[in-house]
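Now for the letters of each chain:
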Amino acid sequence: MCVYLGEVCYVDISDWYPLFLFMEGKAIDYLINEQIRDKEVRVIGAEGNQLGVMSIKEARDAADEAGLDLVRVSPNAKPPVCKIIDYGKFRYEISRKEKEAKKKQKVVEIKEVRLSPNIDDNDLNTKVNQARKFLEKGNRVKVTLRFRGRELAYVNQNKSILDDFAEKLADVSVVDKQAKFEGRSMTMFLAAKANK
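Residues numbered from 1 in each chain as written. Predicted model: local features only at pLDDT ≥ 70, side-chain atom pairs only at ≥ 80, totals over all residues. Heavy atoms only, no water.

Some remarks on the side chain of threonine 187
Line of reasoning, step 1. With respect to the secondary-structure elements, threonine 187 resides in strand 12 (residues 185-192).
Line of reasoning, step 2. Sequence-distant contacts of threonine 187, defined by excluding residues within four places in its chain, comprise Lys142, Val143, Thr144, Gln178, Ala179, Lys180 and Glu182. (Helix = DSSP H or I, 4+ residues; strand = E, 2+ residues; numbered from the N terminus. Contact = heavy atoms within 4.5 Å.)

Structure, rendered in C-alpha cells:
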C-alpha cells in the first residue's frame with residue numbers, strides 16, 4: 001500500500017519479510033511475534049531457561065501467556081533461537097551496550113609533520129617537539145619530506161633528514177612504516193611506543 005502526500009510516497013512495510021530495523025545506521029533483523037515465519041524454533045523463556053524446540057504457534061502462545069514478545073535473536077541457528085522478552089527493553093539494552101562500546105573505543109588519528117630538504121637544525125627541533133606532543137597523545141605521525149624543482153635530484157642524500165627525525169623521537173616512538181618515496185615527497189610513519 002502506498003500513500004501519496006505531495007511528492008513523497010509513504011509505504012506501509014508491516015507485511016514485508018524480512019523486516020529490517022534501522023538503529024543508528026545499522027540494519028538489524030530482529031523479527032518479533034507474527035513476523036517470524038519459521039516453522040520450528042528453539043525457545044528461551046523469560047527467566048533465561050530453555051523451553052526446548054516447539055512450533056511457532058506454541059512459541060507465540062507461550063509469549064502471549066507471559067505477556068511479552070517473541071523475538072528471534074539467532075536466525076542462523078538450526079532451528080532459529082527465539083527469546084520471550086519485552087522487545088522495548090531488549091532494544092534499549094542493545095543501544096546502551098553499543099554506546100558503552102563506543103565510549104571505550106580509542107580513535108587513533110594520523111597527524112602530519114611536513115619538512116623540506118633544506119630545513120635548519122632549530123626548525124627540525126621544533127618539528128620534532130611538535131611530533132613528540134602528537135605521539136604522547138597516542139596519535140600516529142606521518143612525516144613528509146617534500147621536494148621541489150631541482151631538489152628531486154638529491155632525494156637519496158636527503159633521506160638522512162627522516163632518519164635523524166626518527167632517531168630524535170626514538171624514546172617515545174617506533175617507525176611504523178619506513179621512509180618511502182612517492183611522487184614528489186618521501187613519507188615515513190611513526191607510532192607511539194606501547195606502554196609497558
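So, helix 3 (residues 121-136)
Given 3.6 residues per turn, any residue in an α-helix points the same way as the ones three and four places further on.
Line of reasoning, step 1. Taking 1.5 Å per residue as the helical rise, helix 3 with its 16 residues ought to reach 22 Å, and the 22 Å between its terminal C-alpha atoms agrees with that figure.
Line of reasoning, step 2. Of all the positions in helix 3, only Leu124, Val128, Ala131, Phe134 and Leu135 are classed as buried. Taken around the axis of helix 3, the buried residues stretch over an arc of 120°, which confines them to a single face. For helix 3, the exposed residues lying more than 90 degrees away from the buried face are Asn122, Thr126, Lys133 and Glu136. (Expected span 1.5 Å × (residues − 1). Buried < 20%, exposed > 50% of the residue type's maximum accessible area, 1.4 Å probe, protein only. Arc of directions from axis to C-beta.)

Some remarks on the side chain of asparagine 158
Line of reasoning, step 1. Relative to the helices and strands, asparagine 158 resides in the loop between strand 10 (140-146) and helix 4 (159-168).
Line of reasoning, step 2. Excluding anything up to four places from it in sequence, asparagine 158 contacts Pro117, Leu145, Phe147 and Glu151.

Focus: the sheet that holds strand 8 (residues 81-85)
Line of reasoning, step 1. On the basis of which strands lie adjacent, the open sheet formed by four strands has the order 6-5-8-7 and mixed pairing. Across the chains shown, the open sheet's two edge strands, defined by having one partner strand only, are strand 6 (50-55) and strand 7 (69-74). Averaged over all pairs of adjacent strands, the angle between their axes in this sheet comes to 35°, without regard to strand direction.
Line of reasoning, step 2. Where strand 7 and strand 8 come together, five bridges link them in antiparallel fashion. When the bridges of strand 8 are listed, leucine 70 appears paired with isoleucine 84.
Line of reasoning, step 3. Its contacts with the sheet place helix 1 (residues 56-66) against strand 5 (40-44), strand 6, strand 7 and strand 8, and it is angled at close to 130° to strand 6.
Line of reasoning, step 4. Contacts from helix 2 (residues 87-104) reach strand 7 and strand 8 within the one sheet, and its direction differs from that of strand 7 by about 35°. (Pairing = 2+ DSSP bridges. Axes fitted to C-alpha atoms, helices over the stretch in contact; angles between N-to-C directions.)

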